[in-house]
Amino acid sequence: MDYPNNRAEAKATGAKFYFTGIACSRGHIALRKTKGSCTECMKEDWKIDNEKRKEKPKSEAAKEAGRRYYERNKEVVKARSNARPIEEKRTHRNKHKQENPELYKALTSVRKRRHRDATPRWITAEQKLDMRKLYLHAQKLTAMTGERYVVDHIVPLISPEVCGLHVPWNLRVITQDENLKKSNKLLDT
Ligand SMILES: [Zn+2]
């Protein structure tokens with residue numbers, strides 16, 4: 001593509017960009033916007049602004065707008081979040097956890113109650129110990145590999161068809177990524 005080589009010419013011909021071939025003050029040799037500046041500088045500034053915006057806590061109005069958007073576009077939002085790389089999902093989850101400690105405390109107690117409710121009375125002390133060992137094993141693997149390992153219920157404790165039990169033979173240690181894939185699959189079906 002041929003661009004005008006100065007702003008005056010760009011203005012005169014109505015072109016949106018021009019190219020001087022000279023480095024900008026930050027050293028970019030890039031297109032310049034007729035109604036703006038160096039396009040690479042604009043990209044950099046946009047990135048910095050965006051990072052700053054992300055760091056700022058959201059106002060109640062912004063949160064409310066987000067919720068409304070989600071209600072109207074549930075399917076799109078879910079599909080978009082499922083398509084994100086797992087690494088990104090993990091970072092997002094960790095951040096959410098840090099920002100909502102009370103919520104996660106509540107979730108933990110729900111999980112504990114669910115485990116208790118799904119534990120049959122006839123389970124032996126030895127079997128209980130086996131289960132505790134599995135949780136410790138998951139922790140150890142996480143610490144050793146850096147990848148997060150979790151204890152998964154092979155037959156989910158709560159499912160539309162059959163509900164699984166909190167017993168050693170229904171438990172296995174898998175990575176959190178595998179576990180997420182599994183729960184996404186369950187949600188899909
Ligand atoms: Zn520049």
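Higher on the page you've got the structure.
Residues numbered from 1 in each chain as written. Predicted model: local features only at pLDDT ≥ 70, side-chain atom pairs only at ≥ 80, totals over all residues. Heavy atoms only, no water.

Caption draft 1: Representation of the nonpolar core. Residues I123, M131, A138, V151, V167 and L171 constitute the largest nonpolar core, which totals six residues. Among residues more than four places away in sequence, those in contact with L171 are M131, L134, Y135, V151, D152, H153, I154 and H166. (Core = buried A, V, L, I, M, F, W, Y, C linked by side-chain atoms within 4.5 Å. Buried < 20%, exposed > 50% of the residue type's maximum accessible area, 1.4 Å probe, protein only. Contact = heavy atoms within 4.5 Å.)

Caption draft 2: A look at the pattern of salt bridges. This structure, assessed with the given rule, holds twelve salt bridges. R172 serves as the salt-bridge partner of D152, at 2.9 Å between the closest nitrogen and oxygen. Taken together, the residues span a long stretch of sequence, with D152 in strand β3 (residues 149-153) and R172 in strand β4 (residues 171-175) at a distance of 20 residues. One continuous salt-bridge network, built from bridges that share partners, spans R26, E44 and D45. (Salt bridge = Lys/Arg side-chain N within 4 Å of Asp/Glu carboxyl O. Helix = DSSP H or I, 4+ residues; strand = E, 2+ residues; numbered from the N terminus.)

Caption draft 3: Representation of a positive patch on the surface. Taken together, the side chains of K97, R111, K112, R113, R114, R116 and R148 present a region of like positive charge at the surface. Ranked by the residues each element gives to the positive patch, the list is headed by helix α6 (residues 101-117), at five residues. Structurally, the position occupied by R113 is in helix α6. By relative accessible area, R113 is classed as partly exposed at 44%. (Patch = residues over 30% accessible without salt bridge, like charges linked within 9 Å, V, L, I, M, F, W, Y side chains within 5 Å. Areas by Shrake-Rupley, 256 points an atom, 1.4 Å probe, with all protein chains shown as cover. Lys, Arg positive; Asp, Glu negative; His and termini not counted. Charge placed at Lys NZ, Arg CZ, Asp CG, Glu CD.)

Caption draft 4: Representation of the environment of I174. Residue position: I174 is located in strand β4. Exposure remark for I174: the relative accessible area of 8% places this residue in the buried category. Between the alpha carbons of I174 and V150 there is a distance of 5.7 Å; along the sequence they are 24 residues apart. Contact partners of I174, with chain neighbours within four places excluded, come to R148, Y149, V150, D152 and N179.

Caption draft 5: Focus on the packing of helix α5 (residues 86-99) against α6. Remark: α5 packs on α6, axes separated minimally by 5 Å, with the N-to-C direction vectors making an angle of 100 degrees. Judged by the angle between their axes, α5 and α6 are roughly perpendicular. Contact residues: R93, H96, K97, Q98 and E99 in α5; P101, L103 and Y104 in α6. Partitioned by chemical class, the residues of the contact of α5 with α6 number three nonpolar, two polar and three charged. (Axes fitted to C-alpha atoms, helices over the stretch in contact; angles between N-to-C directions. Parallel < 35°, antiparallel > 145°, perpendicular 65-115°, else oblique. Nonpolar A, V, L, I, M, F, W, Y, C, P; charged D, E, K, R; others polar.)

Without other data, these values stay purely geometric and don't point to any function.
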